[in-house]
Amino acid sequence: MRRPASANAACAADALLSSVEEAVGHVFGHLRRSVQRNLAVVAVAFVRLLSGARAGHGRLSLGALFRVLPTAGTAHAREKRLARFLNNPRLDARGVTSGLARVVFGTRGAGCWPILLDQTCSGTTQALVAGVPFEGRTLPLGVYTFDYPWQEPTAGSQNQVERVFLLDVEGALPATVRPVWIADRGYARAALLAEAEREERLYVIRGRAGTCIEYDGRRQKLAALPPGPNGTAVRYVGVQYQARLRVRVDVIVVHDAACAEPWALLVPPDSAAVLPTALVVALYRERMQVEHTFRDFKTHLGLRGLQLRVRIAERTGRLLLAFCLAYALAIILGSRPEAAAGRADLEIPRRTPRHGTRRTLSVLSVATQMLAHPQWTRLAQRLLHTLIRRLARGQPALIAPPTDLDARLALA
């Protein structure tokens, strides 16, 4: 006698929760067991929401989330469980960052890795996000949330929070991984660059056009440095950035035909051997991948429509920490070679290439549609269990990503 579909779904959810609990126990072993359990439960709930192939303007509600928690009991009991998760002070961003780093790198990551840094908002809640670019998206390494107007007297200022965030993410990485921070103009602060020089931190940051610089004995605006013929990249060595602090940097100016204005990219001084000019431009192009991740947070997660009434930033941050685990698993699932058959069946390619590709589905869309489609559900669930077992064994979830910047230069 065949079991009803609801019973099969319940068995699949139980098996997935058991696997995720084992993996969370390994990569988040420093957290309390009760926190690990609830983190696994909410992460599986997010996977179940993603498997619904929600529309781009879907809104997340706590009601929709607690109804798909893979736990026994009444709806009221699940609601209380979700409330305990959101209000648990033992679950903080610092504790989860080291676990997310193990998800991405395992214990064997090595070499220089690009790490994207940016900030997004949902209402008054601001989120700092850092992650590794991967297949047009970003594998999250850390998320900090806070509110405007500034309400963190113990932190001093937002600049201080950003500094602590950088240090926390760097501290969570394996000792053999050296980050290359990639950020937009909001992080082109002379004080941050001066600290990076002291810490021997690698970075690619777009400079602010109106900042005063000194180059070749002349004081001028950063925007006065021209690109090469036809917008080609030119490297200016030994530039003194900002009139007061006079931080020494190299500046690479390039004007992409698709952009309205040139990029003035700041890199550490005398770093051409580690960060050659062509590689710097290629790395900064990847910065847009974090914007795609923000869009996923606000659409597939439904963060744009989430309505919380108390301790909004704190509770939103805990939701994002659980979602980041589910999100990483989903985009890696959609990039697996075995998912190519699902993409071929589910995707309707463009007639003419756009940005060099005829694809219309991201790796996240491939994963969510495979999880939702009856023909591909079993394969997607099997691949998901394989990924989770790798995490439980301490292996990185990534499938042979380029860990050397020279490989990225060759691809560029």
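Only a predicted model underlies this, so the values are computations on that prediction, with no experimental measurement involved.

Colleague: Give me the lowdown on the overall build of the protein, citing residues and values where you can.
Modeller: Helices and strands together make up the secondary structure of the protein, namely 14 helices and 10 strands. A total of 412 residues make up the protein; the buried ones form 53% of that total. Long-range pairs, those at least 24 residues apart, make up 63% of the contacts in the protein between residues at least 6 apart in sequence. With an accessible surface of roughly 19000 Å², the protein has 52% of that area assigned to carbon and sulfur atoms.

Colleague: Outline the sheet that holds strand 5 (residues 202-206), listing residues and values.
Modeller: On the basis of which strands lie adjacent, the open sheet formed by 10 strands has the order 3-2-1-4-5-10-9-8-6-7 and mixed pairing. The open sheet has two edge strands with one neighbour each: strand 3 (137-147) and strand 7 (218-221). Strand-to-strand twist of the sheet, defined as the mean angle between neighbouring strand axes without regard to direction, takes the value 30°. Pairing of strand 6 (residues 212-215) with strand 7 involves four bridges; the strand directions are antiparallel. Paired with Cys212 across the strands is Lys221, a residue of strand 7. Together, strand 1 (111-122), strand 2 (125-134), strand 3 and strand 4 (177-183) form the strand contacts of helix 6 (residues 158-172), whose direction differs from that of strand 3 by roughly 145°. Packing of helix 9 (residues 288-299) onto the sheet brings it into contact with strand 1, strand 2 and strand 3, and relative to strand 1 it is tilted by some 45°.

Colleague: Account for empty space enclosed by the protein, naming residues and giving values.
Modeller: Going through the model one piece at a time under the given rule, you end up with five cavities of 30 Å³ or more. Along the walls of the largest cavity sit Leu117, Leu166, Trp181, Ala183, Leu192, Leu193, Ala196, Arg201, Tyr203 and Ile205, which together make up its complete lining. Those elements that place two or more of their residues in the lining of the largest cavity are strand 4, helix 7 (190-198) and strand 5. Ranked by residues supplied to the lining of the largest cavity, first place goes to helix 7 with three residues. The residue makeup of the lining of the largest cavity, split by class, is nine nonpolar, no polar and one charged. Size it by volume and the second largest cavity reaches roughly 40 Å³.

Colleague: An account of the nonpolar core is requested, with residue identities and associated values reported.
Modeller: Counting 136 residues, the largest nonpolar core has Phe28, Phe46, Leu141, Tyr241, Val249, Val251 and Leu266 as its most contacted members. Take this core: its biggest share by element is 15 residues, from helix 10 (residues 312-335). In contact with Phe28, not counting residues within four places along its chain, are Gln36, Leu39, Gly95, Val96, Gly99, Leu100 and Leu325.

Colleague: Break down the packing of helix 5 (residues 93-105) against helix 6 for me, with residues and values.
Modeller: Between helix 5 and helix 6, whose axes approach to 8 Å, the crossing angle comes to 40°. Comparing the axis directions of helix 5 and helix 6 gives the class oblique. Of the two elements, helix 5 crosses helix 6, and the hand of that crossing is right-handed. On helix 6, the residues touching Arg94, Thr97, Ser98 and Ala101 of helix 5 are Val164, Asp168, Val169 and Ala172. Class assignment of the residues belonging to the contact of helix 5 with helix 6 gives a composition of four nonpolar, two polar and two charged.

Colleague: Before we move on, could you go through helix 6 and cite the residues and values that matter?
Modeller: With 15 residues, helix 6 ought to run about 21 Å at 1.5 Å a step, and its terminal C-alpha atoms sit 21 Å apart, in line with that. Among all positions in helix 6, only Gln158, Val161, Glu162, Val164, Phe165, Leu166, Val169 and Ala172 are buried. Here the buried face of helix 6 lies against helix 5, strand 1, strand 2, strand 3, strand 4 and helix 7.

Colleague: Any chance you could break down the environment of Gly238 for me, citing the residues and the numbers?
Modeller: Tracing the sequence through the fold places Gly238 in strand 8 (residues 234-241). Along the backbone, Gly238 and Asp270 are 32 residues apart, and their C-alpha atoms lie at a distance of 7.6 Å. Once residues lying within four places of it in the same chain are set aside, the contact partners of Gly238 are Glu214, Arg248, Val249 and Asp250.

Colleague: Lay out the environment of Pro229 with the relevant residues and their values.
Modeller: Relative to the assigned elements, Pro229 resides in the loop between strand 7 and strand 8. Along the backbone, Pro229 and Val254 are 25 residues apart, and their C-alpha atoms lie at a distance of 9.7 Å.

Colleague: Give a description of the packing of aromatic side chains that names residues and reports values.
Modeller: Counted by the stated rule, this structure contains eight aromatic pairs. On the basis of an interplanar angle of 75° and a centroid distance of 5.7 Å, the ring pair of Phe297 and Tyr327 is categorised as edge-to-face. Note that Phe297 is positioned in helix 9 and Tyr327 in helix 10, a separation of 30 residues in sequence. Both residues of the pair, Phe297 and Tyr327, count as buried.

Colleague: I'd like a rundown of unusual backbone geometry, residues and numbers included.
Modeller: Phi at Gln242 is positive, roughly 80°, even though this residue is not glycine. As for its placement among the helices and strands, Gln242 is situated in the loop between strand 8 and strand 9 (247-254). Within the chain, Arg246 stands out as a residue other than glycine whose phi angle is a positive 50°. Tracing the chain through its elements places Arg246 in the loop between strand 8 and strand 9. Assessed through its relative accessible area of 38%, Arg246 is described here as partly exposed.

Colleague: Before we move on, can you summarise the pairing of strand 2 with the specific residues and values?
Modeller: In terms of burial, strand 2 is a largely internal element, 10 of the 10 residues being buried. Bridging between strand 1 and strand 2 involves seven bridges; their strand directions are antiparallel. Each bridged residue has a counterpart across the sheet, and for Leu116 the counterpart in strand 2 is Gly131. Once strand 1 ends, the chain turns through two residues before running back antiparallel as strand 2, passing Gly123 with a positive phi of about 70°. Here 10 bridges tie strand 2 to strand 3, and the two strands are oriented antiparallel to one another. Paired with Ala127 across the bridge in strand 3 is Thr145.

How each quantity is defined
Residues numbered from 1 in each chain as written. Predicted model: local features only at pLDDT ≥ 70, side-chain atom pairs only at ≥ 80, totals over all residues. Heavy atoms only, no water. Helix = DSSP H or I, 4+ residues; strand = E, 2+ residues; numbered from the N terminus. Buried < 20%, exposed > 50% of the residue type's maximum accessible area, 1.4 Å probe, protein only. Contact = heavy atoms within 4.5 Å. Areas by Shrake-Rupley, 256 points an atom, 1.4 Å probe, with all protein chains shown as cover. Pairing = 2+ DSSP bridges. Axes fitted to C-alpha atoms, helices over the stretch in contact; angles between N-to-C directions. 1 Å grid on protein atoms, 1.4 Å probe; cavity = no way out; pocket = protein on both sides within 12 Å on 5 of 7 lines; lining within 4 Å. Points joined across faces, edges and corners; volume = space filled by probe spheres on them. Nonpolar A, V, L, I, M, F, W, Y, C, P; charged D, E, K, R; others polar. Core = buried A, V, L, I, M, F, W, Y, C linked by side-chain atoms within 4.5 Å. Parallel < 35°, antiparallel > 145°, perpendicular 65-115°, else oblique. Left-handed = near helix turned anticlockwise from the far one by under 90°. Expected span 1.5 Å × (residues − 1). Phe/Tyr/Trp six-rings, centres within 6.5 Å; stacked < 30°, edge-to-face > 60°.

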